[in-house]
Amino acid sequence: ALEPLSVSLAIGVAWALTGYLSHPNFYCSYVECCPSDGHRINATALRAQLDTKLFGQHLAKDVVLKAVMGFTNNPSPKKPLTLSLHGWAGTGKNFLSQILAEHVHPAGLRSKFVHLFLATLHFPHQDKVKLYKEQLQNWIRGNVSACPHSIFIFDEMDKMHPGLIDAIKPFLDYYEQVDRVSYRKAIFIFLSNAGGDLINKAALDFWTSGKRREEIQLKDLELMLSVGVFNNKNSGLWHSSLIDRNLIDYFVPFLPLEHKHVKMCVRAEMTARGYAVDEKIVQAVADEMTFFPKEQKIYSDKGCKTVQAKLDIHEDF
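Please read all numbers here as calculations on a predicted model, not as lab measurements. (Residues numbered from 1 in each chain as written. Predicted model: local features only at pLDDT ≥ 70, side-chain atom pairs only at ≥ 80, totals over all residues. Heavy atoms only, no water.)

So, the overall build of the protein chain
Scanning the protein chain from terminus to terminus reveals 14 helices and seven strands. In terms of its C-alpha atoms, the protein chain occupies a principal-axis envelope of roughly 95 × 50 × 35 Å. In the protein chain, once contacts between residues fewer than 6 apart in sequence are set aside, the share between residues at least 24 apart is 75%. Only carbon and sulfur atoms are counted for the fraction: they give 56% of the accessible area of the protein chain, which is about 16,800 Å². Measuring between centres, the 36 positive side-chain charges of the protein chain sit 3 Å from its 34 negative side-chain charges. (Helix = DSSP H or I, 4+ residues; strand = E, 2+ residues; numbered from the N terminus. Contact = heavy atoms within 4.5 Å. Areas by Shrake-Rupley, 256 points an atom, 1.4 Å probe, with all protein chains shown as cover. Lys, Arg positive; Asp, Glu negative; His and termini not counted. Charge placed at Lys NZ, Arg CZ, Asp CG, Glu CD.)

Now the structure itself:
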């Protein structure tokens with residue numbers, strides 16, 4: 001027979017072990033958990049990563065950093081943070097959204113709390129818009145119920161069927177709850193090439209007038225951008241209630257990239273592959289890119305999008 005002292009000791013150890021194993025810090029070290037309400041983004045680390053990995057986008061870095069830090073440090077936001085990122089391909093929209101996701105959820109795009117929608121993949125058929133709206137609402141409702149700090153990224157907004165995105169309007173509005181679910185701590189990010197022509201023209205106008213691109217401010221572009229995408233049938237936000245109701249917090253312009261920015265991308269890619277940076281290769285890759293306008297050749301027409309493929313050709317070196 002077991003002695004009473006031995007039984008008591010065994011029970012005590014079992015309770016202690018159970019408590020330790022069930023403690024959130026232990027459990028969440030093995031299973032991804034939704035961040036607690038007290039979770040704060042490391043602003044210094046986020047800024048450092050943006051400075052070292054996102055090139056030529058002083059506006060986007062400044063606006064997004066301030067918007068995200070203000071939002072996450074607010075214990076009681078009145079609505080979800082909603083960002084709409086605009087610019088030509090290869091300027092860094094996807095890259096910035098990935099960096100942001102990683103600072104909220106360390107697994108980034110692999111996190112079960114980060115949801116990426118591609119218009120051409122998830123919503124391909126015009127005649128199924130009604131079904132897509134219902135599916136989208138159910139998906140967002142279910143995932144925010146599971147994690148209030150969920151992130152939803154909508155890529156290829158310029159290929160989104162008109163009216164579809166308005167299905168999420170109730171979740172972005174100033175409601176404390178919708179069907180007993182609060183969406184106020186979620187983040188919604190829209191990525192679009194729409195408005196890129198307007199941004200490029202504004203950047204070229206600054207260059208023509210002898211001004212530095214770093215002098216371009218958000219107020220120089222944001223109103224023009226919001227009006228432009230609202231009236232653009234190919235923007236995904238055409239006549240959208242999200243704009244009409246001022247539910248998009250920031251329209252973030254991504255400027256066209258110059259030669260020096262393309263070279264920065266090449267150097268960063270070489271470093272990421274473990275290569276020593278060779279300026280001859282950097283120049284060779286940059287020379288293979290195409291630039292506009294035709295006469296001045298100031299801006300890369302694909303940003304840094306094809307840098308990886310171009311660098312592959314020079315692997316032997």
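A look at the UniProt feature "binding site: ATP" (unreviewed entry) in the protein chain
UniProt annotation of "binding site: ATP" (unreviewed entry) refers to G87, W88, A89, G90, T91, G92, K93 and N94 when read in the numbering used here. Locating W88 in the fold gives a position in the loop between β1 (81-86) and α5 (93-104). Judged by its relative accessible area of 26%, W88 falls in the partly exposed class. Excluding its chain neighbours within four sequence positions, the residues that come into contact with W88 are K93, N193, G196, D197, N200, F292 and D301. For K93, the position within the fold is in helix α5. (UniProt positions renumbered as here; feature names shortened; annotations may be inferred. Buried < 20%, exposed > 50% of the residue type's maximum accessible area, 1.4 Å probe, protein only.)

Re the environment of F123
Tracing the sequence through the fold places F123 in the loop between α6 (119-122) and α7 (129-146). Once the C-alpha coordinates of F123 and F230 are considered, the two residues, 107 residues apart in sequence, prove to be 20 Å apart. Ignoring sequence-local partners within four residues, the contact set of F123 consists of F117, L118, Y132, L136, M160, H161 and L164.

What about the domain arrangement of the protein chain?
Per the domain assignment, the segments making up the protein chain are domain 1 (43-254) and domain 2 (258-314). Inter-centroid distance (C-alpha atoms) of domain 1 to domain 2 is 27 Å. Contacts between domain 1 and domain 2 engage 10 residues on the former and 15 residues on the latter. Between domain 1 and domain 2 the total buried area reaches about 1,100 Å² when both faces are included, carbon and sulfur atoms providing 71% of it. Linking domain 1 with domain 2 are one salt bridge, by the criterion used here. A salt bridge links E258 to R213, with the nearest nitrogen and oxygen atoms 3.2 Å apart. At the surface where domain 1 touches domain 2, the tally comes to three residue pairs in polar contact (both at pLDDT 80 or more). Here the residues of the side of domain 1 that touches domain 2 sort into six nonpolar, three polar and one charged. (Domains from an automatic or database assignment. Buried area = accessible area lost by both parts, 1.4 Å probe. Salt bridge = Lys/Arg side-chain N within 4 Å of Asp/Glu carboxyl O. Polar contact = N/O pair within 3.5 Å; in protein donor to acceptor, adjacent residues only side chain to side chain. Nonpolar A, V, L, I, M, F, W, Y, C, P; charged D, E, K, R; others polar.)

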